[in-house]
Amino acid sequence: ARNVIIDCDPGIDDSLAILLALNSPELNVVGITTVCGNVPTHIGAENALKILALADRLDIPVFMGENRPLEVAYTSAQDTHGDDGLGNSQIPAVTKVHAAQDGVAFIERTLTEEPTTSILALGPLTNIAQVLQRDAHLFDQVDRFVLMGGNYRSHGNCSPVAEYNFWCDPDAAKLTFDLMPVPIEMVGLDVTRKIVLTPSILEYMRAINPEMGQFIAKITRFYFDFHWEYERVIGCVINDPLAVAAMIDPEILGGFDAYTTVVATDDVARGQSIVDDHDFWHRANNSHIMTDVDVNTFWRLFLSRVVGATDP
Ligand code: BDR
Ligand code: CA
């Protein structure tokens, strides 16, 4: 199995992503680090522990990373994910295990000891940028670096042009593209928007695995309402699990190599990902931009792994 650190901001879809990773034999989750994003770092860490408890995997350590973006003021996404980050679902807190401090140090230590560890970045890139600024060589041998963030042709989700993870800490996103020594596999809104958890998928999950189905229904209810209000979608887009699926099975997604950067200035273009698909700048490719997804294969993977469907 591939060793992987999940850096995230749980978050409803981050939680579903963690569940997919924990139930996939291809991945060995060596630790979870949290960053301020959907919710402040400590709330994200509490939620990561709740998910680990549900999956009976409290042996996996959780670390709290950065509390604020590098330069800009912090804006959470509690309007989308609920004040508790899990759709105000009142899931009880884990009290017997605590999150540790210093997620950035954990990433540094892990990459020093196990340099090929892969990284799944599911939130703003603040922790990752901190490690890169201290020593970008730590990532030289990273097997794969997959992130959920950005958008290529698709519109933004928190401004006309920007996706939330890049927008929340645009400086960190830019630094990540500037400094990362391995190709960044970008799973952006172009592909994640196609992953809609519909009421019928939810019903199916409840029917075959009442405990897990009920849990997922509980944490997504708020998200469902939000999507109807803002996007007129019945159901909800779940972004982060698709990045996990990409780590499990690269065949699920297709894309192209390009040089990509992110707008870090705090103006109307803040957080916009700019993909030089016509090679205007003659810069070396630093990213693989996902544009196609096999939606059925994704759902077959998700349903078999997370709710134990035998023939989805
Ligand atoms: C991303 O932002 C967050 O709200 C989600 O968890 C996902 O990582 C989508 O733009
Ligand atoms: Ca996230």
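The preceding data block contains the structure.
Since the model is a prediction, treat every value here as computed from it, not as a measurement.

1. Considering helix α5 (residues 126–135)
Right, on to step 1. Judged by how many residues are buried, α5 sits mostly within the fold: seven of ten residues are covered.
Right, on to step 2. Those residues of α5 not exposed but buried are T126, N127, I128, A129, Q130, V131 and L132.

2. Topic: the packing of helix α1 (residues 12–22) against helix α2 (residues 41–54)
Right, on to step 1. Contact pair α1 / α2: the axes reach a minimum separation of 10 Å and the direction vectors enclose 40 degrees. Taken together, the axes of α1 and α2 are oblique relative to one another. Between α1 and α2 lies a crossing whose hand is right-handed. Contacts between α1 and α2 involve S15, I18 and L19 on the former and, on the latter, N47, A48 and I51.
Right, on to step 2. For the contact of α1 with α2, the per-class residue count stands at four nonpolar, two polar and no charged.

3. Observations regarding the sheet that holds strand β4 (residues 118–121)
Right, on to step 1. Read across the open sheet, the nine strands follow the order β3-β2-β1-β4-β5-β6-β11-β9-β10; overall the sheet is mixed. On the outer flanks of this sheet lie β3 (62–64) and β10 (273–276), each paired with one strand and no other. Pairs of neighbouring strands in the sheet enclose a mean axial angle of 30 degrees, with direction left out of account.
Right, on to step 2. Of the pairings in the sheet, the one linking strand β2 (residues 27–34) to β3 comprises three bridges and is parallel in character. Looking at the pairing, T34 lines up with M64 of β3.
Right, on to step 3. Of the strands in this sheet, β1 (2–8), β2 and β3 are in contact with helix α4 (residues 103–113), which crosses β2 at around 150 degrees.

4. Some points on the nonpolar core
Note that soluble globular proteins tend to have their nonpolar side chains buried in a common cluster.
Right, on to step 1. Core analysis: the largest hydrophobic core is formed by 90 residues, its most contacted members being I6, L120, V187, L242 and A243.
Right, on to step 2. Residue contributions to this core peak at eight residues, all from α1.
Right, on to step 3. In this structure, A243 is in contact with A17, L120, L122, V146, L147, M148 and V187, ignoring residues within four places of it in sequence.

5. Some details on the pairing of β2
Right, on to step 1. The buried count for β2 comes to six of eight residues, which makes it a mostly enclosed element.
Right, on to step 2. Summarising the sheet, β1 and β2 pair through seven bridges and their orientation is parallel. By the bridge assignment for β2, C8 is matched with T34.
Right, on to step 3. You can see the chain leave β1, run along α1 and come back into β2, and the turn it takes is right-handed.
Right, on to step 4. At this point the chain moves from β2, through α2, to the parallel β3, and the crossover so formed is right-handed.

Rules behind the numbers
Residues numbered from 1 in each chain as written. Chains lettered and ligands numbered in written order. Predicted model: local features only at pLDDT ≥ 70, side-chain atom pairs only at ≥ 80, totals over all residues. Buried ≥ 20, exposed ≤ 12 C-beta atoms within 10 Å, placed from the backbone. Helix = DSSP H or I, 4+ residues; strand = E, 2+ residues; numbered from the N terminus. Axes fitted to C-alpha atoms, helices over the stretch in contact; angles between N-to-C directions. Parallel < 35°, antiparallel > 145°, perpendicular 65-115°, else oblique. Left-handed = near helix turned anticlockwise from the far one by under 90°. Contact = placed C-beta atoms within 7 Å. Nonpolar A, V, L, I, M, F, W, Y, C, P; charged D, E, K, R; others polar. Pairing = 2+ DSSP bridges. Core = buried A, V, L, I, M, F, W, Y, C linked by C-beta atoms within 7 Å. Right-handed = clockwise from strand over helix to strand, strands pointing away.

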